[in-house]
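Structural description and commentary
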Amino acid sequence: MDSLVLTLKTYSAKSKTGLDEINKLAPFAEKREFLDAAVNFVKTLNALADNESKQMVEIMTKDSAAVTEADVTKVEELSDKLNSESEKVSKVIEDAQTAFKNEWKFEIDATKH
């Protein structure tokens, strides 16, 4: 389970760095919609890592004999929230990206990241 803790710490650190970097960006042509969606996306993922994911890791790294039925239920609840919130902010940023590309006549190539 050390790898689970390490993965969480790495993800949390990278999301904080991402937030620091994205907060340095200026609006594009004085338009903030896409930038605001991106900031909200990173902030939400950062909060989920610091809260729900952290709680899940704490439970999942317990000695297996110490895990209770309430722990299992809590992990399921946290996982559901993590998935739900991630999907919501992903949709918002995807919509903002689509609006941005349409306004500025960009093409998005889904095969490139």
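Everything below is about the structure shown above.
Here we summarise the structure given alongside this text. (Residues numbered from 1 in each chain as written. Predicted model: local features only at pLDDT ≥ 70, side-chain atom pairs only at ≥ 80, totals over all residues. Heavy atoms only, no water.)

For the pair helix H1 (residues 2-22) and helix H2 (residues 33-60), the least separation of the axes is 9 Å and the interaxial angle reads 160°. Between H1 and H2, the angle falls in the class roughly antiparallel. At the point where H1 passes H2, the crossing takes the left-handed sense. When its residues are assigned to classes, the contact of H1 with H2 shows 14 nonpolar, five polar and four charged. (Axes fitted to C-alpha atoms, helices over the stretch in contact; angles between N-to-C directions. Helix = DSSP H or I, 4+ residues; strand = E, 2+ residues; numbered from the N terminus. Parallel < 35°, antiparallel > 145°, perpendicular 65-115°, else oblique. Left-handed = near helix turned anticlockwise from the far one by under 90°. Nonpolar A, V, L, I, M, F, W, Y, C, P; charged D, E, K, R; others polar.)

With that out of the way, let us pick up the nonpolar core. Nonpolar side chains in soluble globular proteins tend to end up buried together. Listed in full, the nine residues of the largest apolar core are Leu19, Ile22, Leu35, Ala37, Ala38, Val39, Val42, Ile93 and Ala96. Elements with a minimum of two residues in this core: H1, H2 and helix H3 (69-104). The biggest single contributor to this core is H2, with five residues. Residues within four places of Ala96 in sequence aside, it is in contact with Glu33, Phe34 and Ala37. (Core = buried A, V, L, I, M, F, W, Y, C linked by side-chain atoms within 4.5 Å. Buried < 20%, exposed > 50% of the residue type's maximum accessible area, 1.4 Å probe, protein only. Contact = heavy atoms within 4.5 Å.)

A surface patch of like charges, here negative, comprises Glu69, Glu76, Glu77 and Asp80. Counting through the fold element by element, Glu76 comes out in helix H3. Glu76 gets classed as partly exposed once you look at its relative accessible area, which sits at 47%. (Patch = residues over 30% accessible without salt bridge, like charges linked within 9 Å, V, L, I, M, F, W, Y side chains within 5 Å. Areas by Shrake-Rupley, 256 points an atom, 1.4 Å probe, with all protein chains shown as cover. Salt bridge = Lys/Arg side-chain N within 4 Å of Asp/Glu carboxyl O. Lys, Arg positive; Asp, Glu negative; His and termini not counted. Charge placed at Lys NZ, Arg CZ, Asp CG, Glu CD.)

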